[in-house]
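What follows is each chain in one-letter form.
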Amino acid sequence: MSAILEANIAHALSSVDEREWRPNRDVTLAELRIVDMIHEGKPTCRLCGQVVNRLDTFGLCSKTTESHRQRRGDFTPAKKARTR
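In this report, we go over the structure that sits alongside the text.

Conventions adopted
Residues numbered from 1 in each chain as written. Predicted model: local features only at pLDDT ≥ 70, side-chain atom pairs only at ≥ 80, totals over all residues. Heavy atoms only, no water. Helix = DSSP H or I, 4+ residues; strand = E, 2+ residues; numbered from the N terminus. Buried < 20%, exposed > 50% of the residue type's maximum accessible area, 1.4 Å probe, protein only. Areas by Shrake-Rupley, 256 points an atom, 1.4 Å probe, with all protein chains shown as cover. Salt bridge = Lys/Arg side-chain N within 4 Å of Asp/Glu carboxyl O.

Right, let's talk about the overall build of the chain for a bit. A count of helical and extended segments in the chain gives 3 helices and 0 strands. If you list the helices and strands of the chain from N to C, you get α-α-α. Out of the 84 residues in the chain, the part that is buried amounts to 8%. Just so you have it, the chain exposes about 8,200 Å², and 53% of that area is on carbon and sulfur atoms.

Right, here's the structure in full:
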């Protein structure tokens, strides 16, 4: 069974046309327009501007950076507590 699979993979790889990849600005811009249409109307985080599906009660995304925690009013220690 594995010999047949290996033969099929080898045949598939040999039949693929090797083309040199070149950036295409028009294709890239078209794809970015699609992404912008998907994100249209979605809320953005008040602090970092990230587009999200849902904001918390403070209007922030789900990030847990120190600035996000401070904006939420969470306790942020000056340095990490030592372990025993």
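The rest of the description comes next.
On to the pattern of salt bridges, then. Any two side chains of opposite charge can pair, so long as their charged atoms come close to each other. Tallying each qualifying case throughout the model produces 1 salt bridge. For Arg72, the salt bridge is made with Asp56, and the minimal N-O distance between the two is 2.7 Å. Taken as a pair, Arg72 in helix H3 (residues 66-72) and Asp56 in the loop between helix H2 (25-39) and H3 lie far apart in primary sequence, 16 residues in all.

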